[in-house]
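The chain contents come next:
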Amino acid sequence: MSVSAPPDEVLDVLRRQDPQIADVLLGEARRQAETLQLIAAENFTSPAVLATLGSPLANKYAEGYPGARYHGGCEYADAAERIAVERATALFGADHANLQPHSGSSAVLAAYAALLRPGDTVLAMGLDQGGHLTHGSPANFSGRWFDFVPYGVDPETGLIDYEQLAALARHHRPKAIVCGSISYPRHPDYALFRAVADEVGAYLIADAAHPIGLVAGGAAPNPVPYADVVCATTHKVLRGPRGGMVLCTAELAERVDRAVFPFTQGGAQMHTIAAKAVALGEASTPAFTGYAHRVVDHARVLAAALSAEGFALTTGGTDTHLITADASPLGVDGRTARARLAAAGMVLDTCALPYGDGRGIRLGTAAVTTQGMGAPEMARIAALFTAALRDEPEETARVRAEVRELTRSFPPYGR
């Protein structure tokens, strides 16, 4: 299978029935094949995952859970979901898993619905410190329904301020503490979070949307032994379909399941659940373990190379697939950097800079590692960053050409 050319049978059908969408798919395939995908939340799924997403299970309505559906004809849907649950619990050492959430935000919503009531106090990383929308944004259900108290990072080190966390917990006595971030490149101390939660009688919710793939490959600590509930995505480093997952203790299993269905969602997307099962099976192999460790190794190489080029790294580096950096030492803010890099064929995000002005850049190494790139390519990418930020038309064109040469050497799905 080639990302630059979707399967012939799919294109033949689309060209006859909907040439406009066929052109969109081809265009997106070219975009992915000819640019560097450095968004930390993205990856390339396996051909097996893609095939499962387009399977006949896409036709099946299956409200409920295996053995207790609201629709008939669910024997194969039940089998797919049971396999997914078994693989998730085995891979992460969890008592229970729910694979039905449609997204990471849906998984967090279900966790809150299972454990909290509107108006409850929740302690979570502040949005300006790296927290997610579901960690108390006033534009999100979380900020509208619950009383969020933010904790943050030390202004000198950029590391989580655990003393502040404990002091806030003792003062506010939250119903739950959320451990997780979208732009914190270090491993949280789950044992310390657990101790603080126990001291104040709070639930511990780990939002492991970013590191869960590294956890699967043994390249990051596992939050499951410490958290009451773990929320995660099945894409990102895990390399599965876009979707969510909730892991929890046996005592909370029924509450979590009811919070997903019928409280927050209707029918499960069975083709996606089957694709999650495929990805979880792939993640349980030695090959994936090696991949997860390479992702981290490459992030450290890229981070060091970016630092040498003049970028200011938050926390001074990374333990994960994720890098956050301030581009202002090179004379540009985060949004300007993102635009100039995109013009040169390098796609990434911006992020909040704790205690700083403006925004930084956020990038990850999962997708380029999936393509087969290694340490030499990470150093090359860092040099391309600096050249692209000069915003000189001839230099931008040169970098874009070099990016295309690089991606031709490492196509996402092979030649």
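Use the structure listed above.
The rules behind these values
- Residues numbered from 1 in each chain as written.
- Predicted model: local features only at pLDDT ≥ 70, side-chain atom pairs only at ≥ 80, totals over all residues.
- Heavy atoms only, no water.
- Pairing = 2+ DSSP bridges.
- Helix = DSSP H or I, 4+ residues; strand = E, 2+ residues; numbered from the N terminus.
- Axes fitted to C-alpha atoms, helices over the stretch in contact; angles between N-to-C directions.
- Contact = heavy atoms within 4.5 Å.
- Core = buried A, V, L, I, M, F, W, Y, C linked by side-chain atoms within 4.5 Å.
- Buried < 20%, exposed > 50% of the residue type's maximum accessible area, 1.4 Å probe, protein only.
- Left-handed = near helix turned anticlockwise from the far one by under 90°.
- Nonpolar A, V, L, I, M, F, W, Y, C, P; charged D, E, K, R; others polar.
- Salt bridge = Lys/Arg side-chain N within 4 Å of Asp/Glu carboxyl O.
- Phe/Tyr/Trp six-rings, centres within 6.5 Å; stacked < 30°, edge-to-face > 60°.
- Lys NZ or Arg CZ within 6 Å of the ring centre and 35° of its normal.
- Polar contact = N/O pair within 3.5 Å; in protein donor to acceptor, adjacent residues only side chain to side chain.

1. As for the sheet that holds strand β10 (residues 244–248)
Piece 1. With mixed pairing, the 7 strands of this open sheet are ordered in space as β4-β10-β9-β8-β7-β5-β6. Both edges of this open sheet fall to β4 (96–98) and β6 (147–151), since each of them pairs with a single strand only. Looking at each pair of strands side by side, their axes are set apart by 20° on average, direction ignored.
Piece 2. With 5 bridges joining them, strand β9 (residues 229–233) and β10 adopt antiparallel strand pairing. If you follow Thr233 over to β10, its bridge partner there is Gly244.
Piece 3. Contacts from helix α8 (residues 190–200) reach β6, β7 (176–179) and β8 (203–207) within the one sheet, and its direction differs from that of β7 by about 170°.
Piece 4. Set on the sheet, helix α10 (residues 253–264) makes contact with β4, β8, β9 and β10; between it and β4 the angle comes to about 0°.

2. As for the nonpolar core
Piece 1. In terms of nonpolar packing, the biggest core is built from 60 residues, with Phe92, Ile177 and Leu247 touching the most fellow members.
Piece 2. Sorting elements by how many residues they give to this core places helix α11 (residues 270–283) first, with 6 residues.
Piece 3. For Ile177, the residues in contact, after removing those within four places along its chain, are Leu123, Leu165, Ala169, Phe193, Val196, Ala197, Val200, Ala202, Tyr203, Leu204 and Ile205.
Piece 4. Membership of the second largest hydrophobic core comes to 34 residues, among which are Val332, Ala337, Leu341 and Ala388.

3. As for the pairing of strand β15 (residues 359–364)
Piece 1. Of all the 6 residues making up β15, 5 are buried; the element is thus mostly covered by neighbouring parts of the structure.
Piece 2. Here strand β12 (residues 322–326) pairs with β15 via 4 bridges, running antiparallel. When the sheet's bridge partners are listed, Leu322 is paired in β15 with Gly364.
Piece 3. As judged from the 4 bridges shared by strand β14 (residues 349–352) and β15, these two strands associate in the antiparallel manner.

4. Overview of the packing of helix α4 (residues 75–92) against α11
Piece 1. Running from N to C, α4 and α11 cross one another at 35°; their axes reach a closest spacing of 8 Å. Of the two elements, α4 crosses α11, and the hand of that crossing is left-handed. Touching Ala77, Ala80, Glu81, Ile83, Ala84, Arg87, Ala88, Leu91 and Phe92 of α4 are Met270, Ile273, Ala274, Ala277, Val278, Leu280, Gly281 and Ala283, all from α11.
Piece 2. For the contact of α4 with α11, the class distribution of residues is 14 nonpolar, 1 polar and 2 charged.

5. Things to note about the sheet that holds β14
Piece 1. Read from one edge of the open sheet, 4 strands run β11-β12-β15-β14, paired in antiparallel fashion. Edge strands, defined here as strands with exactly one partner in the open sheet, are β11 (312–313) and β14.
Piece 2. The pairing of β11 with β12 spans 2 bridges and is antiparallel. Paired with Leu313 across the bridge in β12 is Ala325.
Piece 3. Where helix α12 (residues 286–309) meets the sheet, its contacts fall on β11, β12 and β15, and the angle it forms with β12 comes to roughly 10°.
Piece 4. The sheet contacts of helix α13 (residues 334–343) involve β14 and β15, and relative to β15 the element is tilted by about 45°.

6. Observations concerning the pattern of salt bridges
Piece 1. Applying the stated criterion to the full structure yields 17 salt bridges.
Piece 2. A salt bridge links Asp319 to Arg186, with the shortest nitrogen-to-oxygen separation between them at 2.9 Å. Residue Asp319 is found in the loop between β11 and β12, and its partner Arg186 is found in the loop between β7 and α8; the two are separated by 133 residues along the sequence. Each of the two residues, Asp319 as well as Arg186, counts as buried.

7. Points about the packing of aromatic side chains
Given two aromatic rings, their pairing is described by the distance between the two centres and the angle made by the two planes.
Piece 1. Counted under the stated rule, the structure contains 12 aromatic pairs.
Piece 2. The structure contains a cluster of three or more aromatic residues connected by ring pairs, namely Tyr112, Phe141, Trp145, Phe146 and Phe148.
Piece 3. For Arg239, the ring lying beneath its charged end belongs to Tyr291, and the centroid distance is 4.1 Å.

8. Here's the deal with the pairing of β9
Piece 1. Of all 5 residues making up β9, 5 are buried, and the element is well covered by its neighbours.
Piece 2. Of the pairings in the sheet, the one linking β8 to β9 comprises 3 bridges and is parallel in character. Residue pairing for β9: Ile205 is matched across the bridge by Val229.

9. Some details on the environment of Thr350
Piece 1. Residue position: Thr350 is located in strand β14.
Piece 2. For Thr350, a relative accessible area of 14% corresponds to the buried category.
Piece 3. Taking the C-alpha atoms as reference points, Thr350 and Ala110, separated by 240 residues in sequence, lie 28 Å from one another.
Piece 4. With residues up to four places along the chain from it excluded, the contact list for Thr350 reads Gly334, Arg335, Arg338, Arg359, Gly360, Ile361 and Arg362.
Piece 5. One polar contact links Thr350 to Arg359, side chain to side chain, over a distance of 3.1 Å.

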